[in-house]
Amino acid sequence: MKIRKITVCGGGNGAQTLTTVAALNLGCPVDIYAPFADEAGRLRSGVARHGGIEVIDTVQGKARPRHISAEPAQVIPGSDVVALVLPAFAHESTLQQIVPFLDPGAWVGAMPARGGFDYCAAQILAKKGRDDVGLFGLQTLPWACRIQEYGRVVHVLGVKKAVDAATRPAAGIEQVAPLLERMLGLSIGAAANLLALTLANTGQLIHPGIMYAHFATWDGTPLPAGEIPLFYQGLSEQGAQTLAGLSNDVQSIRARLEAEQNLSAVRPLKTWLLRSYGDAIADPSTLRNAFVTNRAYAGLKSPVKEVSPRQFVPDFQARYLAEDVPFGLAVSRAIAGLAGVETPAMDRVIAWAGTRLGKDYLGQDAGAARIPQNYGLENLEQLLAFTREKARGKT
């Protein structure tokens with residue numbers, strides 16, 4: 001697959017990392033579509049002063065995006081691949097903005113896809129009459145990365161050894177996977193369908209699960225700076241049991257559906273962790289040890305907000321709950337409901353997260369989550385038909 005140009009949508013950690021990594025690995029122009037707030041202007045300023053976006057540490061290099069714009073008409077046309085590297089809540093609005101400018105036969109994907117990306121994207125493409133556009137998704141972001149200087153330097157703390165991807169149509173993975181391997185410089189596993197990616201979304205387990213582990217019993221007292229828990233390396237054994245419970249719930253869904261669909265990419269959490277990080281994990285003996293000894297996770301603290309000088313409270317509006325529940329756990333839980341599978345750990349964590357977010361994702365606020373039922377897939381037969389690409393869902 002010959003690439004003339006790619007466009008990265010987003011202005012955050014992953015988007016800036018991908019811009020440089022893709023430009024260096026593919027040797028083609030890379031544009032950035034950054035429609036939010038003043039991101040485009042800030043990116044242009046940082047790039048101009050630094051001569052490009054530099055990635056440091058685990059991945060190293062510098063590249064200059066060709067164009068940066070908040071206007072889709074200026075950067076989307078001519079793109080063979082458009083990658084959405086932004087929060088899942090922005091997928092729908094961004095797709096609405098870019099679809100009119102997509103070239104025939106373009107591929108549009110989310111990195112990562114999170115839960116239900118295909119329901120949302122397929123509906124938008126169908127409404128716009130764009131059956132020619134292909135969809136792809138990555139199971140997770142390939143890197144643990146943090147912006148050091150906006151538009152200038154991104155610190156890449158760790159790189160996964162392998163990441164799974166899927167496409168719609170499913171046969172497109174034979175074309176897209178080799179391209180993603182070249183673009184990202186790592187192994188890409190071919191998941192059979194985007195349903196597998198929805199269930200294999202490990203962010204939905206790790207982020208809400210660890211937030212629950214750290215803060216389910218928090219009494220509201222602000223934390224001194226020195227008591228902010230390390231997010232991954234502060235995981236307790238009880239927290240690891242919560243993660244194992246969430247993983248077991250997903251495996252129960254997989255077991256119920258695997259006779260109907262190839263869901264081999266839906267791996268237990270520990271299996272995924274060892275496959276993704278390999279030698280970066282010093283002690284793989286238990287799930288907890290695999291987290292706390294993973295050097296890619298070193299030093300990352302829990303999301304907090306400062307409420308007074310050097311006094312902090314958990315930031316429950318951070319993406320670890322605000323994204324990974326409505327675009328993660330709630331989606332898998334809704335699929336479990338269609339399949340008649342009980343999910344006790346999911347129910348517990350979703351209910352707790354809902355109290356912190358002011359949402360009842362198991363009840364009256366289910367419509368705020370990217371669940372299949374909101375896209376006309378109201379029973380298991382319809383969901384499986386959509387996955388087989390025999391139906392489109394509600395248009």
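Located above this text is the structure these notes cover.
Cut-offs applied
- Residues numbered from 1 in each chain as written.
- Predicted model: local features only at pLDDT ≥ 70, side-chain atom pairs only at ≥ 80, totals over all residues.
- Heavy atoms only, no water.
- Helix = DSSP H or I, 4+ residues; strand = E, 2+ residues; numbered from the N terminus.
- Rg over C-alpha atoms; globule rule 2.2 N^0.38 Å.
- Buried < 20%, exposed > 50% of the residue type's maximum accessible area, 1.4 Å probe, protein only.
- Lys, Arg positive; Asp, Glu negative; His and termini not counted.
- Charge placed at Lys NZ, Arg CZ, Asp CG, Glu CD.
- Phe/Tyr/Trp six-rings, centres within 6.5 Å; stacked < 30°, edge-to-face > 60°.
- Core = buried A, V, L, I, M, F, W, Y, C linked by side-chain atoms within 4.5 Å.
- Contact = heavy atoms within 4.5 Å.
- Pairing = 2+ DSSP bridges.
- Axes fitted to C-alpha atoms, helices over the stretch in contact; angles between N-to-C directions.
- Right-handed = clockwise from strand over helix to strand, strands pointing away.

Caption draft 1: Representation of the overall build of the protein. Scanning the protein from N- to C-terminus turns up 15 helices and 15 strands. Over its C-alpha trace the protein gives a radius of gyration of 20 Å, about what one expects of a compact globule, namely 21 Å for 395 residues. Judged by the C-alpha coordinates and their principal axes, the protein covers about 50 × 50 × 40 Å. For the protein, buried positions account for 59% of its 395 residues. Taking the 39 positively charged and 35 negatively charged side chains of the protein as two groups, their mean positions are separated by 4 Å.

Caption draft 2: Region of interest: the packing of aromatic side chains. Throughout the structure, instances matching the rule amount to 13 aromatic pairs. Centroid distance F215 to F316: 6.2 Å. Interplanar angle 90°. Geometry classified as edge-to-face. A residue pair is termed long-range when its members are at least 10 positions apart, and F215 in helix α8 (residues 203–215) and F316 in the loop between β15 (311–314) and α12 (319–322) qualify at 101 residues. Pair check on accessibility: F215 and F316 agree, each one buried. With a centroid separation of 6.2 Å and an interplanar angle of 90°, the aromatic rings of W272 and Y277 are classed as edge-to-face. Assessed through its relative accessible area of 5%, Y277 is described here as buried. Taken together, the ring pairs in this structure connect F231, Y232, W272, Y277, F291, Y297 and Y320 into an aromatic cluster.

Caption draft 3: The arrangement of the nonpolar core in detail. By size, the foremost hydrophobic cluster in this structure holds 99 residues, and its most contacted members are L95, Y119, L199, Y232, L257, F291 and I335. Top element by residues in this core is helix α13 (residues 325–339). It accounts for nine residues. Residue contacts for L95: discarding those within four places in its chain leaves L84, V108, F117, C120, A121 and I124. Listed in part, the 44 residues of the second largest apolar core include A22, M111, V156 and L186.

Caption draft 4: Up close: the sheet that holds strand β10 (residues 153–159). The mixed open sheet is built from four strands, whose spatial order is β4-β3-β10-β9. Edge strands, defined here as strands with exactly one partner in the open sheet, are β4 (61–63) and β9 (143–149). Each strand of the sheet is rotated relative to its neighbour by a mean of 25°, with strand direction disregarded. By the bridge criterion, six bridges tie β9 to β10 in an arrangement that is antiparallel.

Caption draft 5: Spatial organisation of the pairing of strand β3 (residues 53–57). Pairing geometry for β3 and β4, over three bridges, is antiparallel. Paired with E54 across the two strands is K62, which belongs to β4. Counting the residues between successive antiparallel strands, the hairpin from β3 to β4 contains three residues. Pairing analysis gives four bridges linking β3 to β10, with the strands arranged parallel. Looking at β10, one finds that E54 is bridged to V153.

Caption draft 6: Seen up close, the sheet that holds strand β13 (residues 223–224). In spatial order, the strands read β13-β15-β14; together these three strands make up an open sheet with antiparallel pairing. Either end of the sheet is taken by a strand with one partner, and the two such strands are β13 and β14 (304–308). With four bridges joining them, β14 and β15 adopt antiparallel strand pairing. The residue of β15 that forms the bridge with K305 is V313.

Caption draft 7: Local environment of the pairing of strand β8 (residues 134–138). β8 sits mainly inside the fold: five of its five residues count as buried. Neither face of β8 is exposed, since G134, F136 and L138 on one face and L135 and G137 on the opposite face are all buried. Between the parallel pair strand β7 (residues 107–110) and β8, the chain is carried across by helix α5 (residues 117–127), and the sense of this crossover is right-handed. Pairing between β8 and strand β11 (residues 162–168): four bridges, direction antiparallel. Directly across from G137, in β11, lies its bridge partner A166.

These values are about where atoms sit, not about what they do.
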